Amino acid sequence: MKFTSLSSGSSGNSLLIETDKTRILVDAGFTGKRLEALIKDAGVLPETIDAILVTHEHNDHIKGAGVMSRRFNIPIIANEETWIAMIKKIGPIKDNNILVFKNDYDFTLRDLDIHPFSTFHDAANSCGFAINHGKKKISIMTDTGTVNERIKRQLLGSDVLFIESNHDPIMLMNGPYTPALKRRVASTKGHLSNLDCAYTLEEVLTGNGEKVILAHLSGENNTASIAYNTVSDHLTDLGLDINRDISLNVADRNGVSNRIEL
């Protein structure tokens, strides 16, 4: 199984997961033209994408989903509430390309076993994904204001953990957002801070070589170095060697990150 972040940040998100038989996007939060370029930058032809999984209906996750589906005849897979919330945004989709899952129930897509788990966000019914191929597991969790025990159980045993590290609370407090938007970001229906991310990792990592990618960084209220240092300092204080026990990286906000092969 191969994992590539095509870009991840508050301005747009899309991930590529590949096996020998399957290629899927998780989210499609850029224009169709930009998505095509990012997919090609990852060494893949857009017409070979088998499906687009959607976490929720906010524009930075669905902007190009409709265009990609119509242009390359790609099915879009989302839960019912997300479909209702996004259909007017993404435009008409062929009936046979409208596929529906139910949060917290497993489904299979070719050779991938997928578990969509509910998250806490100001969306219709947001989710993350635990994606298994054989004995390998990739977990994707962004856009959640809090993490409960149910979510932590889904993250356990991941070979790759793509996890939100959205903002630094001091930068958010002193930044350009309106008071209402600051409250929204910091709420339990908003986004995880760097330290929230670190606390979550503390409870789900085993130090057996997991590959951790910090994701969905805010362009206004965070930097890659602040996110990395906050998380790495916390994990190091717990006794984890981030150069031996795990691998810690930050997803590029504006371009393709290094492919991870499992």
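Because the structure is a prediction, the values reported are computed rather than measured.

Asks: Now, about the side chain of His 121: what can you tell me, with residues and values included?
Replies: As for its placement among the helices and strands, His 121 is situated in the loop between β8 (112-118) and β9 (127-133). For His 121, a relative accessible area of 3% gives the class buried. In this structure the side chain of His 121 is engaged in a polar contact, spanning 3.4 Å, whose partner is the side chain of Asp 143. Separated by 3.3 Å, the side chain of His 121 and the backbone oxygen of Lys 189 make a polar contact. Residues contacting His 121, with those up to four places away along its chain left out, are His 56, His 58, Ser 126, Asp 143, Thr 144, Arg 184, Lys 189, Gly 190 and His 191.

Asks: Which residues make up the nonpolar core, and what values go with them?
Replies: It is characteristic of soluble globular proteins that their nonpolar side chains tend to be buried jointly. Ranked by size, the top nonpolar core spans 25 residues in total, and within it Phe 3, Ile 17, Ile 24, Val 26, Leu 53, Ile 131 and Ile 140 carry the most contacts. With three residues, β9 is the largest single contributor of residues to this core. Apart from the residues lying within four places of it in its own chain, the contact partners of Ile 140 are Phe 3, Leu 15, Ile 17, Val 26, Phe 117, Gly 128, Phe 129, Ile 131 and Phe 162.

Asks: Break down the sheet that holds β9 for me, citing the residues and quoting the values.
Replies: Reading across from one edge, β7-β8-β9-β10-β11-β12-β13 is the order of the seven strands in this open sheet, with mixed pairing throughout. For this open sheet the edge positions go to β7 (107-109) and β13 (247-250), each flanked by a neighbour on one side alone. Strand after strand, the sheet turns through a mean of 20 degrees between neighbouring axes, direction not considered. As judged from the three bridges shared by β7 and β8, these two strands associate in the antiparallel manner. The residue of β8 that forms the bridge with Leu 109 is Leu 112. Running over the sheet, helix α8 (residues 194-204) touches β11 (160-164) and β12 (211-215) and is turned about 150 degrees from β11. Where helix α9 (residues 224-237) meets the sheet, it contacts β12 and β13, and its direction lies at approximately 155 degrees from that of β13.

Asks: Could you give an account of helix α4 (residues 80-90), with specific residues and numbers?
Replies: For α4, every residue scored as buried is listed here: Thr 82, Trp 83, Met 86 and Ile 90. The buried residues of α4 all sit within an arc of 95 degrees when viewed along its axis, so they share a single face. In α4, the exposed positions that point more than 90 degrees away from the buried face belong to Glu 80, Ile 84 and Lys 88. The inward-facing, buried residues of α4 abut α2 (59-62), α3 (65-72), β5 (76-79) and β6 (98-101). Looking one or two residues beyond α4, the residue adopting positive phi is Gly 91, at roughly 85 degrees.

The rules we used
Residues numbered from 1 in each chain as written. Predicted model: local features only at pLDDT ≥ 70, side-chain atom pairs only at ≥ 80, totals over all residues. Heavy atoms only, no water. Helix = DSSP H or I, 4+ residues; strand = E, 2+ residues; numbered from the N terminus. Buried < 20%, exposed > 50% of the residue type's maximum accessible area, 1.4 Å probe, protein only. Polar contact = N/O pair within 3.5 Å; in protein donor to acceptor, adjacent residues only side chain to side chain. Contact = heavy atoms within 4.5 Å. Core = buried A, V, L, I, M, F, W, Y, C linked by side-chain atoms within 4.5 Å. Pairing = 2+ DSSP bridges. Axes fitted to C-alpha atoms, helices over the stretch in contact; angles between N-to-C directions. Arc of directions from axis to C-beta.

Just distances and angles here, no functional claims.
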